[in-house]
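Observations on the model geometry
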Amino acid sequence: MPRMAGLCDITICRMSEADIDAVLAIEEVSYPRPWAREHFLDEIRSPFAFPLVALDSEGRVAGYICPTLLLDEGEIRNVAVSADKRGCGVGSILVEKVLEECRQRNASYVGLEVRVSNVAARSLYLKLGFRETGLRPRYYENGEDAILMECTLDRSGER
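What comes next is a walk through the structure. Bear in mind that the values here come from a model prediction, so they are computed numbers and not experimental data.

**Regarding the packing of aromatic side chains**
Under the defined criterion, the tally for this structure stands at 4 aromatic pairs. Ring geometry for Tyr139 and Tyr140: centres 5.0 Å apart, planes at 85°, overall edge-to-face. The exposure class assigned to Tyr139 is partly exposed, which follows from its relative accessible area of 39%. Arg105 extends its terminal NZ or CZ atom over the ring of Phe50, reaching a point 4.4 Å from the ring centre.

**Quick word on the packing of helix H1 (residues 20-30) against helix H2 (residues 37-45)**
Put simply, H1 and H2 touch, their axes get as near as 10 Å, and they point 125° apart. It follows from the interaxial angle that H1 and H2 lie oblique. Here H1 runs over H2; the crossing is right-handed. Counting all contacts with H1, which are made through Ile20, Asp21, Val23, Leu24 and Glu27, the residues of H2 involved are Arg37, Phe40, Leu41 and Ile44. Broken down by class, the residue content of the contact of H1 with H2 amounts to 6 nonpolar, no polar and 3 charged.

About the cut-offs
- Residues numbered from 1 in each chain as written.
- Predicted model: local features only at pLDDT ≥ 70, side-chain atom pairs only at ≥ 80, totals over all residues.
- Heavy atoms only, no water.
- Phe/Tyr/Trp six-rings, centres within 6.5 Å; stacked < 30°, edge-to-face > 60°.
- Buried < 20%, exposed > 50% of the residue type's maximum accessible area, 1.4 Å probe, protein only.
- Lys NZ or Arg CZ within 6 Å of the ring centre and 35° of its normal.
- Axes fitted to C-alpha atoms, helices over the stretch in contact; angles between N-to-C directions.
- Helix = DSSP H or I, 4+ residues; strand = E, 2+ residues; numbered from the N terminus.
- Parallel < 35°, antiparallel > 145°, perpendicular 65-115°, else oblique.
- Left-handed = near helix turned anticlockwise from the far one by under 90°.
- Contact = heavy atoms within 4.5 Å.
- Nonpolar A, V, L, I, M, F, W, Y, C, P; charged D, E, K, R; others polar.

Right, here's the structure in full:
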């Protein structure tokens, strides 16, 4: 389990069924329509997904990310950080780990969608090399648009 530098002392590891209750607790306060337990179990069991958790210095789940990789196309399907760890780099660490994994697995790019109103997440993704590539009008249940974003990974592994 590699330790990651940042404002928080964080360890990144593969999500397991033992993490699900803590992940669900974060999910339920982070999203208006949270994923169900079965969604996370499907991610854990999928041959194309590699869900990760960020553990704090006391071994508690501080955040999680659910990426997939199919052929050379990576996608971040879900990501959230516990309210008490927001702003200390956990989200950056998780996204950077996914980009690193996808580069190592020869992905061409990593895509995602994000709510127009989620300014903090959009800013983070732009800082990490993503660019806005499109819009899905009224994508979310409340009628909010989704911005499509993509981070292109070149052959040398650079963003």
